[in-house]
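Examining the three-dimensional arrangement
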Amino acid sequence: MSESTPTRAADAFITPPVPALSVGPIVLPTPGRAVDLRLRVTAPQTGTGTDLPLILLSHGQGHSNHLSSLNGYAPLAHYWAARGFVVIQPTHLSSRTLTLDPETPGAPLYWRSRVEDMTRILDRLDEIESAVPQLPGRLDRDKIAVAGHSMGGHTASLLLGARLTDDDGTEVNLTEPRIKAGLLLASPGRGGDALTEQVAASYPVFLTTDFTHMTTPALVVAGDQDTSSHMTVNGPSWHADPYHLAPGPKTLLTLFGGEHGLGGISGYDVAETTDENPERVSTVQRLTWAYLRSELYPGDKALRLACQDLAAGDHPAGQVESKQAP
C-alpha cells in the first residue's frame, strides 16, 4: 500500500508534499532505564521551512516485531513530515524489538515508562535536533502535539491529562503542559465494568482510567467495527470514550468499517491489519494533519475544509463531530 493521492477537492487545503528525511536510530543514553532510549526523527528536508511543529508518535503493542518500535507507522510519519511536521518516534520498553527480562520493573505494559519516554524527548530536544542533519534551528518548540495508536493512545491520553490510580492507591497525573494538542487513534476507553474480566484481572491499571481532567485539545479517531473484544465488553463505542468522557474542546472522527488497524496506519502492507483499506488510511492521514494544522495555528481552515471534503462524496469514509470547552 502506498500513500494515497488526495482528491481534487482536498488539494485546496492540503500542503503539497515535499521530500522528507528520516534518521534513526538516534540513541539517547538513559541511565536508570532498562536500555537506552532509541528513536527515529522524520522531517522535511532543508529549504522547506523553519519553525516546524513537532509530533511525538507513540506506537502500540501489536503482534509484529518492528511495527511497535521506531520503525513503524510509516504511513503517518511520512505523510506528516512531507507536509511540514517533524515526527519523533521512540521505541518504548514494551516493544517486541527488545528482549527484556519479563521481571523488568513495569513489564509488560511499561505504561509509566512510555510516558516518561515522551517527556524525556521534550527535555532533550537540543540533543535530538543536533543529531539530525538539516534540522538544527528549525523546530518550533511552542507547537508540540502527541499522537498514539492503541496502547500508544493510552500513553498520549496521560500526557493530555487523563489520570489513573496506581497500585498504591495514589492518583497519577502525568499531564505534559508543553503538549498543545493530541491524536488518539483507536485508543483505550474507560475502565470499570467496560473491561473484560481477563483484562481487569491481568492489567488493573486500565480499571481506573479517568478522562474528566483531559482538557488538552484532541482528535479521537475510532473505527465503528473496532470491537477489541479481548479488551472490552462495550464494543466499538469504547474507543470513542476519550471524546465523550473528556471535556472539550474535542473532535471525534468515526471511520465507517474501520477496525483496530484503521485501514493500515501501522505500516505499509501489514499482514496484521484486518481492515486494510488505502482510502481509510488516506482519510486518517488527511484529517489528522488538518486537525493539527488548525489546532496549532488558530485561524487555519484546514480542518473545516477537510470535514467538508469528507462529507462531500456519496459514500463518505467517516463522519466528524466536535464539542467545545465548557
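Just above, that's the structure.
As a starting point, this report considers the structure included with it. Quantities reported herein were computed from a predicted structural model and do not represent experimental measurements. (Residues numbered from 1 in each chain as written. Predicted model: local features only at pLDDT ≥ 70, side-chain atom pairs only at ≥ 80, totals over all residues. Heavy atoms only, no water.)

It is worth spelling out the overall build of the protein at this point. What the protein contains, in helices and strands, is eight helices and 11 strands. A globule of 326 residues ought to have a C-alpha radius of gyration of about 20 Å, and the protein, at 18 Å, matches this closely. C-alpha extents for the protein along the principal axes are approximately 50 × 45 × 40 Å. Buried positions account for 55% of the 326 residues belonging to the protein. Counting contacts in the protein only where the partners sit at least 6 residues apart, residues at least 24 apart contribute 73% of the total. Split by element, the accessible area of the protein, about 13400 Å² in all, is 50% carbon and sulfur. Once the 24 positive and 36 negative side-chain charges of the protein are each reduced to a mean point, those two points are 6 Å apart. (Helix = DSSP H or I, 4+ residues; strand = E, 2+ residues; numbered from the N terminus. Rg over C-alpha atoms; globule rule 2.2 N^0.38 Å. Buried < 20%, exposed > 50% of the residue type's maximum accessible area, 1.4 Å probe, protein only. Contact = heavy atoms within 4.5 Å. Areas by Shrake-Rupley, 256 points an atom, 1.4 Å probe, with all protein chains shown as cover. Lys, Arg positive; Asp, Glu negative; His and termini not counted. Charge placed at Lys NZ, Arg CZ, Asp CG, Glu CD.)

What follows is about the pattern of salt bridges. One pass over the full model with this rule turns up 14 salt bridges. Linking aspartate 117 and arginine 33 is a salt bridge whose minimum nitrogen-to-oxygen distance equals 2.9 Å. Here aspartate 117 is found in helix α2 (residues 111-123), whereas its partner arginine 33 is found in the loop between β1 (20-28) and β2 (37-44), with 84 residues between them in sequence. We note that aspartate 117, like arginine 33, is buried. A salt bridge links aspartate 193 to arginine 190; the shortest N-O distance between them is 2.9 Å. Under the relative-accessibility criterion, arginine 190 is labelled partly exposed at 29%. Salt bridges here are not isolated pairs; linked through shared partners, they connect Arg33, Asp117 and Arg120. (Salt bridge = Lys/Arg side-chain N within 4 Å of Asp/Glu carboxyl O.)

A few words now on the sheet that holds β2. Spatial strand order, β1-β2-β4-β3-β5-β8-β9-β10-β11: nine strands in an open sheet with mixed pairing. The open sheet has two edge strands, β1 and β11 (318-323), and neither has a second partner. Between one strand axis and the next, the sheet turns by 20 degrees as a mean value, whatever way the strands run. Both strand β9 (residues 218-223) and strand β10 (residues 250-255) contribute to a ladder of six bridges, which runs parallel. Paired with alanine 222 across the two strands is threonine 254, which belongs to β10. Of the strands in this sheet, β2, β3 (52-58), β4 (86-90) and β5 (139-149) touch α2, which is tilted by about 160 degrees from β3. (Pairing = 2+ DSSP bridges. Axes fitted to C-alpha atoms, helices over the stretch in contact; angles between N-to-C directions.)

Once that is clear, we can look at the layout of surface pockets. To find the voids left in a structure, one rolls a probe of water-molecule size over its atoms. Of the volumes computed, that of the largest pocket is approximately 1100 Å³. Its residues assigned to classes, the lining of the largest pocket comprises 18 nonpolar, 22 polar and five charged. Counted as a void, the second largest pocket has a volume near 260 Å³. Here the residues of the lining of the second largest pocket sort into six nonpolar, four polar and five charged. (1 Å grid on protein atoms, 1.4 Å probe; cavity = no way out; pocket = protein on both sides within 12 Å on 5 of 7 lines; lining within 4 Å. Points joined across faces, edges and corners; volume = space filled by probe spheres on them. Nonpolar A, V, L, I, M, F, W, Y, C, P; charged D, E, K, R; others polar.)

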